[in-house]
Amino acid sequence: MGFAQRLAGSIKKEERQYTDVELLKFFFSFIKPHRKAGIITIITLIITSILAVFTPYVLKLAIDNYIIPMKFSELWKITSIYAILILIGWIVDIGRIYLISYLGQVTVHDMRNYTFDHLTDLSMDFFENEETGKLVSILTNDIDTVAEFLRNGLTDIVTNLLRLIGIIIIMFILSPGLTLVTLLVTPFITFIFYIVRKYAREAYREIRKSVAKLTAKIAETINGITVIKVYAQEERVKKEFGEINEENYRANIKQNIIVNSVFPLIRSLSSIAILLLVGYAVWVNQGLKQPAISVGTIVAFIRYEGMLFDPILSLTMFYSLFQSAMAALERVKRITSHESSIKEDPNPLIPKEKKGKLVFDNVWFSYDKQRFVLKEINLQIDPGESVALVGHTGAGKSTIGKLILRYYDPDNGKITLDDVDLRKLPLSFLSKKVVLVPQEPFLFNNTIMYNLKYGHFEVTDEEVYHVSKEIGLDRVINKFPQKYDTIVGPRGVQLSQGEKQLLSFARALLSKPLVVVLDEATASVDPFTEYEIQKATEKILENATTIIIAHRLSTLKNVDRIIVMEEGEIVEQGKWNELIKKQGYFYDYYKAQVLSEMSGLLQLEEKNN
Amino acid sequence: MLFSVGAELIIPLLIKEIIDAAFIKQDYMHLKLLLGEIFVLAIISGGMNFLSRISSEFGAQKTVKKLRNDVFDSLINKDVQYFMTRETGQLLTRTTADVEAIRRLLSVGTRISLQGTMTYLGIIFLLWKIDVSLVMIVIIMGVPLLFLMLIFGKRVGPLFMKQRIQFGDLSNIVQETLEGISVVKSYRGEPIQKSLFHNSNRKYFDLQMKTALERARFLPVLYAALGFMTAGVIFFGGNAVISGVITVGSFVAFITYLTMLIVPTRFVAWFLVMWEQAKAGAKRLHEIFSVPEKVKNSPNAIKIKGRLNGEIIFENVYFSYDGVTPVLNGLNMHINPGEKVAILGAIGSGKTSIVNLIPRFYDPQKGVVKIDGINIKKYDLRSLRRQISFVSQDTFLFSTTIKENIAFGKPDATMEEIIEAAKIAQLHDFIMKLPDKYDTIVGERGIKISGGQRQRVAIARAVLVNSSILILDDTTSSIDSKTERELQKALWKVMEGKTVIIITQRIGNLRFADKIFLVDNGKVVESGTHEELLNKKGLYWEIYVSRTLDPKIAEAIIKKQSIGE
C-alpha cells in the first residue's frame, strides 16, 4: 500500500488536468469490452506464477525425499511430476504470451480508432490552434506508450506481485530462519533502486528531450531543405545537429552509467545472499546429526533467491512505465474530451427551399471575446448572387467566410441560409452545401482523379473531364504521361502552387455547392488561366451563391456586388461602376492598386530622368 | 566481461564444495575459507560486470552518434528531387527509429550475446568437469533449441519490417488528414479518412498479432526446455548421486548452473528480436547512403570569390523532373548583368523550373545554364548558391526567433542590418507589435503568422544576403496591394546593382522590368520590354487585354495624378 501511495504522491500534480484515478478509469474503459480476454489472461498469469513457485519445491522434495534417502526406484515419480508441471507451464505460457499481446494490441487499436475518430470530428477552430506534429505524435507515440505499459508494466506487476507473495509464503513454510536471512539483502536492494530511480528518471527525461529535439531538427531540415540549400547553410545546420546529437549521446551515457551500475551491484548482492543462506544453513546444522535445513531446502532457496530480484526490479521499473503511460494517457484524454465548440442541433432543420440565400443579421464576432473582428454585420446575399469582399488585411473578410462555414459561431446575432439559422442546420448538410476554396490548396498523396473527386466520388469521369477542360486544367493534366492517374506526391509536391490552386478549384466546382467561398483561391494562377476560370465559374456555378475574397481588384469587374470592409464593418457596397463613380473607399483602393501596379513604371521614368 | 562471467560461474562450484564439506565431510575449517572466497568472487564479478557494461556502452553510443551524424550529413547533401519524392515521416523514422534499433543492438545486443555465449560455454565446460553424462542432457536439448530460435528469427524478421512500414503508413494518414483538415471538413471527408485510418490500424494490429503468435509459439519452448533439462538432471543426476558417481554437492551445483542458464536463454530470444529489428533498420538506412547525388561539384570546381556580374544565359535547355514529362523544351534566355527581368507564363509553362535551375536545385538534361559566361556546373556549388537570393513560392520558417529567421543566410548579421532588412520587407512595424519583438518564436512551434507575413520574412531573408542575383518566385501573392506598393518601392533600392528575376501573376508588376520573358510550354515565346511587347500585339498583348485591368480608368487616374492632387 505504501508503494501505491508513493506512486500517486510523487507524480507532479502541476500541469495535470486529470488525476491518475481518472486516467486509469479512462484506460480501463478500453479494456472493458475485452473483459473475457482480460480474465483469461489473469488466470494464465496466476497459473504461471503458481507453477513458478512450485517447481523449486518439487526439486527440494526430489532431493530430500528421494535422492538423499537413496530411493532410486521411486525417483521417476517425482521426476514425472516435475516434467508435468513444466509441460503445463509450457502450454499455459503459449496462451499467456499471446493473450498479453492481444490485450495490449486490441486495446491500443480501439484507442487509436476512438481518438482518430474524435479528432476528425472536432470543429475547425480546434485545428487552427493546434500543431499538426503534436497531434500526430499523440496518435502514434503516446498511444504506443500506453500499449507498452499494458504489455510490460501492468502484466509484469501482476505476475511479479503474485510471484513475490507466493515465494515468500513458501519460503516461510520451508524455513522461517533461512527466509529472514535470504531477505536480509532486500532492504539494500530496495534502497538502491529507490535512490537510483530518481537519477535514472532524470537521465531518461534528458534522453527523451534530446530525442524530441533531434526529431524536430530533422523534420525542420527536411521541410526547409530548399532554403538551407539556397543559402548554402548546410555546414551550419550539420553543426547544430551535431550539437543536439552530442547532447543525446551524453544523456544516453549518463543514463547507462546509472543503470549499468545497478545491475552488477544487484548481481553481487544476489551472490552474497546465496553466501548468507548457505552459511546460515551450515551454521544451523553445525554438530547436528540430522540436519535442520536439508540440502533440498538449500537448493530450493537458491532458486527462490534468484526469482526474488526479478519482482523487486520490475516493481521499481513499473514506476517509470506507469508515469510515462499516465503522461501519454493525459494527452490522449485531453484530446478525446475536447468537445467541439460547434455542435449540431439535436433537432436540426433542413430548409424547405435550397436556393442559397444568405443573411447576416446583426452579427458580432471576436476570436478572443475581447476585440470584435466583426461589428454589427447586416447583409443579405441573394441566391445565385456573386459578392466580393474587399478590404485591408484584418478587415474581417476571411472571418466572414469562416462564419459561413461555421468554423465559428457569432457571439451575437445570427446567420441564416435559406431562412434557417446555420446553428439549426445539420452539419452534414452545411458542409455538403457550403464549400470553401482556400488560398493554400491541399492535395492528398493520391491520383489527380482521386483528388478531384474527393468528397463526391459519385461524380462521373466525364464530368471531371468536362470541368477540367472548362477551367483549363486539362492542359496541365495532359502534360503528365499518366494524365488523371498521376500521383501528386506528398502534399502535391509534383505540382506548382498555381496548378494546385487550379485543382482545388476544380474540386469545388465538381461538388456542386449551393454556396462557394473563394478565399484568394486563384492568387497564384496566371492572368490568362484566371480569365478562363472566371468564365467557367460563371457557367458552372450559375445558380450558386458565390463569395469572393480577393486582393486583385481588377478581377472583380463582373461580380454582382462589391462589399467594402474596414475594421470589421461594412462601409460601402455596390456594383463596380457605381463604386468607381462614387469615388469612396473602393475607388481609393482601386486607385492605390493601379498606382502600385504602375509604380514600377513611374520609378522607371524617374530613374531615366 | 570474461572475468565477470568467470567469477559468477565459480560460485556454484564453491557451493558444491561447501555442501560436500558441511553435509558430508563436516569439515568446518575449510568451510569458512570457502565462504570467504564466495564473498570475494561476488564483489569481483559485480565490479567486472560493471566495467564490461560501461565499456561496451561507450563504444556503442559513440558508434551510434557517428552513424546518426553520417545519416544526417548524407541526407542534407541529397538532391532537392530526393525530398520531393519521399514522405517526411518516412525519412524521419529512418533517422530516428532505425538508428535507435541499431543502437539497441550495439549497446545491449552485443553485450548480452557475448555474455550469454560465454555463460553457456562456461557452464558446459564446468559441467563437463563435474559429470560428462549430465552435460549430454544439456547438449541434446540445447542444439535443437538453437535451430528453433534461428527459425523464429527468420519468421519474425520480415514481420518487423512490415510492421514498421505499416506504422509509417498509419502516421502518414494522420499527418495527411490533419494537414488537409480544411479539405476533409469542407468535402465531408471524415468517413473517408476514418475508414482509411481504421483499415491501416487494423492491418497494423493484424501484423502485431502475427508477431505475437510467433512469439507465443517459440518463446515458451525455451523455458520449457530448461525445465525439461532440470527434470532430466533430477532423474539421471539423482540416479548418479544414489549410485555414488557424483556427490550431493555436485548435484546441487548442476541444478544451480541450470538456474543460471535461465537469463542467457531469455537473452537469446531478446537478441534475435533486436538483431532482426536492427537489420530492418540498417536496410532502410542503406537506402539513404546508396542513392547518389546527381547535383554535385565537378572536379576542379571554381570557387567564386567576390561578386559575380550576374549575366545569366540559358542555352537550348531541356529539362524534365521525372525524365518523362518535358518541362523545358529548348529554352533560350539571355539576362544581362544588373537587369531586372520578369517571367510570365500560364500555369504549367515551366516558370518555376527555369529559376530552379539557376541555384542548381536540378540540372538540365540537355543544354547549359551559364553565369558570367561559365557553365554553372563548373562552379563550386555552395559558392554559387551564396551568390543567389531565392524567395520561393512555399515560404518556410524555422522554429526559432524571427530575428534568426531573417538572418538565416547571414548568421553574423548585426541587429541594425536585420532591422534594415525587415523594414525593406515592410515587416518591422508588424514585428514591433509582437510580444517579444524580434525574439518572438515563429514556425511550427511558434506563433502563427499569416501567409503574407511569411512571404515578407522570406523577402527580408533574401534582402539581408548581399547576393548578386535575386530571384523572387511569385512572392507577393498573399500580400495586399497597399503593402505590396510599399514593398516594391523599398525593394527597388535593394535591387540596385543586382540581377533580378521576378515571377509574378500581377501583370502590372511587369511594367518596371527591363525585359519580360513570356514562357509557354517550356520555351520563351516572346521577350522585350512592356511597351515593345504591347506594340507587338502578340500573346502578351492578348493577356494584357484579357486581364480586366481597365486601361481607360487607369489612364484617368494617372492623368489626375499628374495634374497634381
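Above: the structure in question.
Residues numbered from 1 in each chain as written. Chains lettered and ligands numbered in written order. Predicted model: local features only at pLDDT ≥ 70, side-chain atom pairs only at ≥ 80, totals over all residues. Heavy atoms only, no water.

**Looking at the packing of helix H4 (residues 75-121) of chain A against helix H7 (residues 190-242) of chain B**
(1) Moving on: It is at 8 Å that the axes of H4 of chain A and H7 of chain B come closest, and there the two elements cross at 165°. In terms of axis orientation, H4 of chain A runs roughly antiparallel to H7 of chain B. At the point where H4 of chain A passes H7 of chain B, the crossing takes the right-handed sense. (Axes fitted to C-alpha atoms, helices over the stretch in contact; angles between N-to-C directions. Helix = DSSP H or I, 4+ residues; strand = E, 2+ residues; numbered from the N terminus. Parallel < 35°, antiparallel > 145°, perpendicular 65-115°, else oblique. Left-handed = near helix turned anticlockwise from the far one by under 90°.)

**Here we look at the side chain of asparagine 248 of chain A**
(1) Moving on: Its location among the elements puts asparagine 248 of chain A in helix H10 (residues 234-285).
(2) Moving on: Judged by its relative accessible area of 3%, asparagine 248 of chain A falls in the buried class.
(3) Moving on: Setting aside residues up to four positions removed in sequence, asparagine 248 of chain A forms contacts with Ile207, Ser210, Val211 and Leu214 of chain A together with Arg68 of chain B. (Buried < 20%, exposed > 50% of the residue type's maximum accessible area, 1.4 Å probe, protein only. Contact = heavy atoms within 4.5 Å.)

**Let's talk about the packing of helix H5 (residues 132-179) of chain B against helix H8 (residues 248-290) of chain B**
Residue and element names in this part refer to chain B.
(1) Moving on: Following both chains from N to C, one finds H5 and H8 inclined at 25°, their axes separated by 9 Å at the closest point. On the basis of the axis angle, H5 is roughly parallel to H8. When you trace H5 past H8, the crossing you get is right-handed.

**Notes on a nonpolar patch on the surface**
All names here are of chain A.
(1) Moving on: Residues Ile42, Ile46, Ile50, Phe54, Val158 and Leu162 make up a contiguous nonpolar surface patch of roughly 450 Å² in combined accessible area.
(2) Moving on: Those elements that place two or more of their residues in the nonpolar patch are helix H3 (35-67) and helix H6 (132-174).
(3) Moving on: Ranked by the residues each element gives to the nonpolar patch, the list is headed by H3, at 4 residues.
(4) Moving on: Considering the arrangement of structural elements, one finds valine 158 in helix H6. (Patch = residues over 30% accessible without salt bridge, like charges linked within 9 Å, V, L, I, M, F, W, Y side chains within 5 Å. Areas by Shrake-Rupley, 256 points an atom, 1.4 Å probe, with all protein chains shown as cover. Salt bridge = Lys/Arg side-chain N within 4 Å of Asp/Glu carboxyl O.)

**Side note on the pattern of salt bridges**
Residues and elements named next belong to chain A.
(1) Moving on: If you walk through the whole model with that rule in mind, you get 34 salt bridges over all chains.
(2) Moving on: In this structure, the salt-bridge partner of aspartate 144 is arginine 112, at a minimum N-O distance of 2.8 Å. Remark: arginine 112 occurs in helix H4 and aspartate 144 occurs in helix H6; sequence separation between them is 32 residues.
(3) Moving on: Residue aspartate 144 is classed as partly exposed on the basis of its relative accessible area, which comes to 27%.

**Side note on the environment of glycine 574 of chain A**
Residues and elements named next belong to chain A.
(1) Moving on: Along the chain, glycine 574 falls in strand E10 (residues 569-574).
(2) Moving on: Since its relative accessible area comes to 7%, glycine 574 is described here as buried.
(3) Moving on: Along the primary structure glycine 574 and tyrosine 367 are separated by 207 residues, whereas in three dimensions their C-alpha atoms are 29 Å apart.
(4) Moving on: Look past the residues within four positions of glycine 574 in its chain and what remains in contact with it is Arg561, Ile562 and Leu579.

**What to know about the packing of aromatic side chains**
(1) Moving on: For the coordinates displayed, the defined rule picks out 28 aromatic pairs over all chains.
(2) Moving on: With a centroid separation of 5.5 Å and 50° between ring planes, the pair formed by tyrosine 450 of chain A and phenylalanine 457 of chain A is classed as tilted.
(3) Moving on: On the basis of relative accessible area, tyrosine 450 of chain A is assigned to the buried category, the value being 18%.
(4) Moving on: Look at phenylalanine 235 of chain B and phenylalanine 236 of chain B: their rings are 5.2 Å apart centre to centre, the planes differ by 85°, and that puts the pair in the edge-to-face class.
(5) Moving on: Of the residues examined, phenylalanine 235 of chain B reaches a relative accessible area of 23% and is grouped as partly exposed. (Phe/Tyr/Trp six-rings, centres within 6.5 Å; stacked < 30°, edge-to-face > 60°.)

**Points about the interface of chain B and chain A**
(1) Moving on: In this assembly, 168 residues from chain B lie in contact with 174 residues from chain A.
(2) Moving on: Summing both partners gives a buried area of about 16400 Å² for chain B against chain A, and 66% of it is carried by carbon and sulfur.
(3) Moving on: Taken together, chain B and chain A are joined by 5 salt bridges.
(4) Moving on: Inspection of the region where chain B meets chain A yields 15 residue pairs in polar contact (both at pLDDT 80 or more).
(5) Moving on: Sorting elements by how many residues they give to the side of chain B that touches chain A places H7 of chain B first, with 32 residues.
(6) Moving on: For the side of chain B that touches chain A, the class distribution of residues is 82 nonpolar, 44 polar and 42 charged. (Buried area = accessible area lost by both parts, 1.4 Å probe. Polar contact = N/O pair within 3.5 Å; in protein donor to acceptor, adjacent residues only side chain to side chain. Nonpolar A, V, L, I, M, F, W, Y, C, P; charged D, E, K, R; others polar.)

**Considerations on the side chain of glutamate 190 of chain B**
(1) Moving on: Relative to the assigned elements, glutamate 190 of chain B resides in helix H7.
(2) Moving on: When its relative accessible area of 16% is taken as the criterion, glutamate 190 of chain B is described as buried.
(3) Moving on: With residues near it in sequence (within four places) discarded, glutamate 190 of chain B still touches Thr120 and Asp121 of chain A together with Val184 and Lys185 of chain B.

**Observations concerning the sheet that holds strand E2 (residues 328-335) of chain B**
(1) Moving on: Ordered in space as E2-E1-E4-E5 (chain B), the 4 strands form an open sheet in which the pairing is antiparallel. One side of each edge strand has no neighbouring strand; the edge strands of this open sheet are E2 and strand E5 (374-375) of chain B. (Pairing = 2+ DSSP bridges.)

**Some words on unusual backbone geometry**
(1) Moving on: Of note, glutamate 567 of chain A is a non-glycine position whose phi angle comes to about 50°, a positive value.
(2) Moving on: Here glutamate 567 of chain A shows up in the loop between strand E9 (561-566) and E10.
(3) Moving on: In this structure, aspartate 372 of chain B is a non-glycine residue whose phi angle is positive, near 50°.
(4) Moving on: A residue is classified by how much of its surface remains accessible, and aspartate 372 of chain B, at 22% relative accessible area, is partly exposed.

**Describing the nonpolar core**
(1) Moving on: Grouped together as the largest cluster of nonpolar side chains are 146 residues, with contacts concentrated most on Leu119, Phe127, Tyr304 and Ile404 of chain A.
(2) Moving on: With 18 residues, the top contributor of residues to this core is helix H11 (residues 295-336) of chain A.
(3) Moving on: When sequence neighbours within four positions are dropped, the list of residues in contact with tyrosine 304 of chain A reads Val53, Pro56, Tyr57, Ile167, Ile170, Met171 and Leu174 of chain A.
(4) Moving on: Judged by nonpolar contacts, the second largest core, of 104 residues, contains Phe361, Phe390, Ile431 and Ala490 of chain B. (Core = buried A, V, L, I, M, F, W, Y, C linked by side-chain atoms within 4.5 Å.)

**Re helix H12 (residues 397-404) of chain A**
(1) Moving on: Burial analysis of H12 of chain A places 6 of its 8 residues in the buried class, which makes it a mostly covered element.
(2) Moving on: A positive phi of about 60° marks arginine 406 of chain A, the residue just after H12 of chain A.

**Let's talk about the environment of glutamine 426 of chain B**
Residues and elements named next belong to chain B.
(1) Moving on: Structurally, glutamine 426 is set in the loop between helix H12 (415-424) and helix H13 (428-432).
(2) Moving on: Sequence separation of glutamine 426 and threonine 483 is 57 residues, and the distance between their C-alpha atoms is 7.1 Å.
(3) Moving on: Excluding its chain neighbours within four sequence positions, the residues that come into contact with glutamine 426 are Arg456, Thr483, Glu486, Leu487 and Ala490.

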